[in-house]
Amino acid sequence: MSALPRLERPGYLRVDEPAATGSVAADRIRRRIPNILSIAGSDPSGGAGIQADLKSIAANGGYGMAAITALTAQNTRGVRAVHVPPVAFLTEQLDAIADDARVDAVKLGMLGSAEVVAAVGDWLVGTRPAVVVLDPVMIATSGDRLLDADAERALRDLLPLADLVTPNLAELAVLVGEPVADDWAAALAQGRALAAATGVRVLVKGGHLAGPETPDALVEADDTTVGFDGARIATTNTHGTGCSLSSAIATRRAVTGDWSVAVGEARAWLRESIAAGSELEVGGGNGPIHHFAGVWARGGTTTPPTPADLAAEWWEETAGIRSAIDDLPFVRRLADGSLPRDAFLDYLGQDAVYLRDYARVLAAASRLAPDADAQRFWAGSAAGALAEELASHERLLAGAAATAHPEPDATTTAYLDHLLAAVARGEYGVVVAALLPCFQLYVDLGMRLAAGGFGAAARRPEHPYAPWLASYADPGFAESTRIATGILATTAAAATPALRERMRRAYRVSAEHELAFFGAPRGGSAAEAAAPHDADGARNPATVVATATA
Ligand SMILES: Nc1ncnc2c1ncn2[C@@H]1O[C@H](COP(=O)(O)OP(=O)(O)O)[C@@H](O)[C@H]1O
Ligand SMILES: Cc1ncc(COP(=O)(O)OP(=O)(O)O)c(N)n1
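Residues numbered from 1 in each chain as written. Chains lettered and ligands numbered in written order. Predicted model: local features only at pLDDT ≥ 70, side-chain atom pairs only at ≥ 80, totals over all residues. Heavy atoms only, no water.

1. Description of the site of ligand 1
Stage number 1. With respect to spatial proximity, 15 residues lie near ligand 1, and among them His208, Asp216, Ile233, Thr241 and Gly242 are the closest.
Stage number 2. In the environment of ligand 1, an oxygen atom lies 2.5 Å from a nitrogen or oxygen atom belonging to the side chain of aspartate 216.
Stage number 3. The site holding ligand 1 turns out to be the second largest pocket.
Stage number 4. When the residues that make up the shell around ligand 1 are grouped by side-chain class, the tally is 4 nonpolar, 6 polar and 5 charged. (Near = heavy atom within 4 Å. Polar contact = N/O pair within 3.5 Å; in protein donor to acceptor, adjacent residues only side chain to side chain. 1 Å grid on protein atoms, 1.4 Å probe; cavity = no way out; pocket = protein on both sides within 12 Å on 5 of 7 lines; lining within 4 Å. Sits in = over half its atoms within 2 Å of the grid points. Nonpolar A, V, L, I, M, F, W, Y, C, P; charged D, E, K, R; others polar.)

Put into structure tokens, the structure is as follows:
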């Protein structure tokens, strides 16, 4: 434990915003999440109704809201009972939402009774949502009625308030007053007739056709038709497919602004969810679809650490190394000004050698960077390392008649080999992780030296190494370190667990090399300069590292 005061989590190492570079996370934050309202009945088994709608909306990128029109007692085998609460209370629900939240799209499902249809119609006329998708739920797949006969008539009057209506074959037949179509051509003709009569676009759905295909078609009022083909998926998990599809279309329409794109995207998601339905074990009848199959498969179900958590955690892991650096006689004597000049020049010469290859590694990070901002940042850092830092080393060394480019010693060689091996492996995240301790540990030390954390001597203008100390407390260097830390953290947060672990190890090993570099024997006074503060056997960098990491 260092006896020296330490700044707690210095501000320049905090990562609480996405880095100032383009990233998937930043794009996600900029895009508006649409609010989608489902006005529908409740299915306690979770496969249809508002329960399905909320899952579909979430899986398709929206924020789901729900006003309940009716309660059903149903499961995967059928509907046992329906209760329609007082309609005035539905209006209360709708007004409560509209008075407070933006509604980007509405999906209408089971409306239950003519009074409910009328109340919903009044509310739509009053609020005029930008997108209205009407799934005219009348009869469940199980054959149970979900809408009384009066309401069927009222529902026809509601159609002009919708932008899209999504009937299944039986519902389409009721709406056009014809028998149920028994082939796709007849279904399409009915869809065209409905669109022409009402002026509302119709999604004709082929889920209930006999045969191996399940085509759907988007029919505009002007008869323009976009067809969507798809082979029938062999499954009994089709409970709630209509509810799920209509709320997914409402969500994707709010996101994309295009009806045929929205239908195409919603169908792709639905087909994946139908195919995975058999993974669920819910009930003995027609089971639900697996609304989150794709999301779970691609995103997992555990919450990965945030960039800020990772930056703080990795920095904390170097606490022992930082304490050991603070305790090194080299650092203490650098701070109080008693470090012999030959030891300082020896250190400077090795640092100059190190910087030339470090700049190559920075350039490699630029080459591997996934976006232009990061590419620019690393290229700028490589140029800065050569133009500013290396040049200042060379000036100091030339002034002292010392050689600006000595041979790298064992400690410098080991550190550079670690960095160059990361480049050779070619993983951007690992290269960035290996680069970071050099930024962070120097800024941390420089800031604490400048703040008087190692005694007042380091702050005096007459300190023999004052210009050198000042360069490490430079605000520009601190800002670069903040950006580099942000890139590291966002890259680590987006990485697979295995890559993140390789990054963490590369970061840790670089921090250990930093300690070894500070603790290496230096110049004619090496024995004195490099001896540990409270022990005598730590000249070998490996021993220094072992002491620090124990
Ligand atoms: N077995 C299946 N394989 C693939 N798609 C299906 C299957 N069953 C239904 N669908 C699709 O599910 C959606 C809902 O269709 P449908 O079953 O006709 O309506 P509803 O669920 O309202 O009765 C449509 O896109 C349809 O093509
Ligand atoms: C409360 C509730 N609303 C609607 C339906 C019908 O759902 P749908 O998506 O048409 O699917 P099927 O289960 O009928 O295929 C429902 N059952 N309950």
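2. Regarding the site of ligand 2
Stage number 1. Every one of the 17 residues lining ligand 2 counts as a neighbour, but Gln74, Thr141, His239, Gly240 and Cys243 are closest to it.
Stage number 2. Here a nitrogen atom of ligand 2 sits 2.8 Å away from a polar atom, N or O, in the side chain of glutamine 74.
Stage number 3. Histidine 239 places a side-chain nitrogen or oxygen 2.9 Å from an oxygen atom of ligand 2.
Stage number 4. When ligand 2 is considered free in solution it has 430 Å² of accessible area, and contact with the protein chains removes 96% of it.
Stage number 5. For ligand 2, the cavity whose grid points lie within 2 Å of the majority of its atoms is the second largest pocket.
Stage number 6. Contributions of two or more residues to the shell around ligand 2 are made by strand E1 (35-42), strand E2 (63-75) and helix H8 (241-256).
Stage number 7. Tallying contributions element by element places H8 first for the shell around ligand 2, with 3 residues.
Stage number 8. Residues belonging to the shell around ligand 2 are distributed by class as follows: 6 nonpolar, 11 polar and no charged. (Areas by Shrake-Rupley, 256 points an atom, 1.4 Å probe, with all protein chains shown as cover. Helix = DSSP H or I, 4+ residues; strand = E, 2+ residues; numbered from the N terminus.)

3. Quick look at the packing of aromatic side chains
Stage number 1. The tally for this structure, following the rule as stated, stands at 17 aromatic pairs.
Stage number 2. Judged by centre distance (5.8 Å) and plane angle (65°), the ring pair of tyrosine 347 and phenylalanine 517 falls under edge-to-face. Within this pair, whereas tyrosine 347 is found in helix H14 (residues 341-368), its partner phenylalanine 517 is found in helix H20 (residues 497-519), the two being separated by 170 residues in sequence. Like phenylalanine 517, tyrosine 347 is buried.
Stage number 3. Where tyrosine 354 meets phenylalanine 517, the ring centres are 5.8 Å apart and the plane angle is 50°; that geometry is what we call tilted. Of the two residues, tyrosine 354 is situated in helix H14 and phenylalanine 517 in helix H20; the sequence distance between them amounts to 163 residues. Pair check on accessibility: tyrosine 354 and phenylalanine 517 agree, each one buried. (Phe/Tyr/Trp six-rings, centres within 6.5 Å; stacked < 30°, edge-to-face > 60°. Buried < 20%, exposed > 50% of the residue type's maximum accessible area, 1.4 Å probe, protein only.)

4. A closer look at the packing of helix H6 (residues 169-176) against helix H7 (residues 184-198)
Stage number 1. For the pair H6 and H7, the least separation of the axes is 10 Å and the interaxial angle reads 45°. Between H6 and H7, the crossing angle belongs to the class labelled oblique. Helix-helix and strand crossings are classified by hand; for H6 and H7 the assignment is left-handed. Where H6 abuts H7, its residues Leu169, Leu172, Ala173, Leu175 and Val176 lie against Ala187, Gln190, Gly191 and Leu194.
Stage number 2. Here the contact of H6 with H7 is built from residues that sort into 7 nonpolar, 2 polar and no charged. (Axes fitted to C-alpha atoms, helices over the stretch in contact; angles between N-to-C directions. Parallel < 35°, antiparallel > 145°, perpendicular 65-115°, else oblique. Left-handed = near helix turned anticlockwise from the far one by under 90°. Contact = heavy atoms within 4.5 Å.)

5. Topic: the UniProt feature "domain: Pyridoxamine kinase/Phosphomethylpyrimidine kinase" (unreviewed entry) in the protein
Stage number 1. According to UniProt, the feature "domain: Pyridoxamine kinase/Phosphomethylpyrimidine kinase" (unreviewed entry) maps to residues 43-290 in the numbering used here.
Stage number 2. End-to-end, the C-alpha atoms of residues 43-290 are 16 Å apart, and along that stretch the chain is 42% helix and 17% strand. (UniProt positions renumbered as here; feature names shortened; annotations may be inferred.)

6. Some words on the domain arrangement of the protein
Size of an interface, as often reported, equals the accessible area lost when the parts are brought together.
Stage number 1. If you check the domain split of the protein, you get domain 1 (36-291) and domain 2 (309-549).
Stage number 2. Spacing between the C-alpha centres of domain 1 and domain 2 amounts to 61 Å. (Domains from an automatic or database assignment.)

7. A short note on the side chain of serine 381
Stage number 1. By the element assignment, serine 381 lies in helix H15 (residues 372-399).
Stage number 2. Those residues in contact with serine 381, other than ones at most four positions away along the chain, are Leu362 and Phe439.

8. Topic: the pattern of salt bridges
Stage number 1. In this structure the tally under the stated criterion is 21 salt bridges.
Stage number 2. Linking arginine 192 and aspartate 223 is a salt bridge whose minimum nitrogen-to-oxygen distance equals 3.1 Å. Of this pair, arginine 192 sits in helix H7 while aspartate 223 sits in the loop between strand E8 (216-219) and strand E9 (225-228), and the two are 31 residues apart along the sequence.
Stage number 3. With a relative accessible area of 32%, arginine 192 lands in the partly exposed category.
Stage number 4. Residues participating in the shared-partner salt-bridge network are Arg32, Arg102 and Asp104. (Salt bridge = Lys/Arg side-chain N within 4 Å of Asp/Glu carboxyl O.)

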